[in-house]
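# An overview of the molecular structure
Here is what each chain is made of, one letter per residue.
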Amino acid sequence: MKTTFQRSLLVSLLGLAALPALAASHSTTTFIAEQDLNGDGKVLLAEFKLGREVEFMRIDFNADGQLSEAEYLGEFEGRLMQRIGKIADPEKRREELQRQMRQAKVRFGVLDKDKNGSISLEEFMAAGLSMFNLHDRNKDGVVDEADVKIAEEDKKAGKESFVSP
């Protein structure tokens, strides 16, 4: 069973090279869609960790084991430009770009826990694992449809959360 999972992950990772790097989403449904490497509709903790490591390596352009602010912001800006390119109004595009890039700069500062001007793999993984744990509402080490249902029930009950269904 473990070997099948590892093979599935390896095959999935080979396809990851063409995908854009994705941050851990605040929506559990989106989180699953973006982080499910083997397409089985769920995200195991080991699968998520492996995806985060690959993502880190892809962003670390100079392969020095640290994400500089330029690497972090540059990767984000590339993804952002694709998304906001669909906004027809040039003024709105510019405003969205400026707003999102300010937020990305703040995020960089938050992720750089030791304030050394770069994000280590450990810092990058810690941030991702924190988001994984928020989505894993039933604490079974898997983010799946059961967690989406719990999030939906919490939302209906008026329990506000940092993450949504």
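Refer to the preceding data block for the structure.
Note that the coordinates shown come from a computational prediction; the quantities given were computed from them, not determined experimentally.

Grouped together as the largest cluster of nonpolar side chains are 14 residues, with contacts concentrated most on Leu67, Tyr72, Ile119 and Phe124. Elements with a minimum of two residues in this core: helix 3 (45-59), helix 4 (69-84) and helix 5 (90-111). Beyond its immediate chain neighbours, meaning those up to four positions away, Leu67 contacts Phe56, Ile59, Asp60, Tyr72, Phe108, Ser118, Ile119 and Phe124. By size, the runner-up hydrophobic cluster in this structure holds nine residues, among which are Ile32, Val43, Phe48 and Val143.

What the rule picks out here adds up to six salt bridges. A salt bridge links Lys105 to Glu69; its shortest N-O distance comes to 3.4 Å. One end of the pair, Lys105, is in helix 5; the other, Glu69, is in helix 4, with 36 residues separating them in the sequence. You can call Glu69 partly exposed: its relative accessible area is 29%. The partner of Glu75 in a salt bridge is Arg79, and the shortest N-O contact between them spans 2.6 Å. Pair noted here: Glu75 and Arg79 are both in helix 4, with a separation of four residues, about one helical turn. Residue Glu75 is classed as buried on the basis of its relative accessible area, which comes to 19%.

Once that is clear, we can look at the side chain of Glu96. Checked against the element boundaries, Glu96 lands in helix 5. A residue is classified by how much of its surface remains accessible, and Glu96, at 18% relative accessible area, is buried. Of note is the side chain of Glu96, whose polar atom sits 2.9 Å from the side chain of Arg99. Discounting chain neighbours no more than four positions away, the residues touching Glu96 are Arg83, Ile84 and Ile87.

A separate point is the environment of Glu122. Tracing the sequence through the fold places Glu122 in helix 6 (residues 121-135). Remark: the alpha-carbon pair of Glu122 and Glu53, spanning 69 residues in sequence, is separated by 9.7 Å.

Now for the packing of helix 4 against helix 5. Contact geometry for helix 4 and helix 5: axes closest at 10 Å, N-to-C directions at 150°. Relative to helix 5, the element helix 4 lies roughly antiparallel. Classified by chirality, the crossing of helix 5 by helix 4 is right-handed. Seen from helix 4, the contacting residues are Glu69, Tyr72, Leu73, Phe76, Glu77, Leu80, Met81, Arg83 and Ile84; seen from helix 5, they are Arg93, Glu96, Leu97, Gln100, Met101, Ala104, Lys105, Arg107, Phe108 and Leu111.

Here Ala63, not a glycine, exhibits a phi torsion of approximately 55°, which is positive. Mapping Ala63 onto the fold places it in the loop between helix 3 and strand 2 (66-68). With phi around 55°, Lys115 is a residue other than glycine that occupies positive phi space. With respect to the secondary-structure elements, Lys115 resides in the loop between helix 5 and strand 3 (118-120).

This brings us to the packing of aromatic side chains. Here the structure, examined in full by the defined rule, presents five aromatic pairs. Centroid distance Phe31 to Phe48: 5.3 Å. Interplanar angle 35°. Geometry classified as tilted. You can see Phe31 sitting in helix 2 (residues 28-35) and its partner Phe48 sitting in helix 3, a full 17 residues away along the chain. Ring centres of Tyr72 and Phe108 lie 5.7 Å apart, and the angle between their planes is 55°; this geometry places the pair in the tilted category. Of this pair, Tyr72 sits in helix 4 while Phe108 sits in helix 5; the two residues are 36 residues apart in sequence, bridging distant segments of the chain. Here the aromatic residues Phe31, Phe48 and Phe132 are joined through ring pairs into a cluster of three or more. Between Arg52 and the ring centre of Phe124, over which it is positioned, the NZ or CZ distance is 3.8 Å. In this structure, Arg107 is placed above the aromatic ring of Phe76, and the distance from its NZ or CZ to the ring centre is 4.8 Å.

Cut-off values and rules
Residues numbered from 1 in each chain as written. Predicted model: local features only at pLDDT ≥ 70, side-chain atom pairs only at ≥ 80, totals over all residues. Heavy atoms only, no water. Core = buried A, V, L, I, M, F, W, Y, C linked by side-chain atoms within 4.5 Å. Buried < 20%, exposed > 50% of the residue type's maximum accessible area, 1.4 Å probe, protein only. Helix = DSSP H or I, 4+ residues; strand = E, 2+ residues; numbered from the N terminus. Contact = heavy atoms within 4.5 Å. Salt bridge = Lys/Arg side-chain N within 4 Å of Asp/Glu carboxyl O. Polar contact = N/O pair within 3.5 Å; in protein donor to acceptor, adjacent residues only side chain to side chain. Axes fitted to C-alpha atoms, helices over the stretch in contact; angles between N-to-C directions. Parallel < 35°, antiparallel > 145°, perpendicular 65-115°, else oblique. Left-handed = near helix turned anticlockwise from the far one by under 90°. Phe/Tyr/Trp six-rings, centres within 6.5 Å; stacked < 30°, edge-to-face > 60°. Lys NZ or Arg CZ within 6 Å of the ring centre and 35° of its normal.

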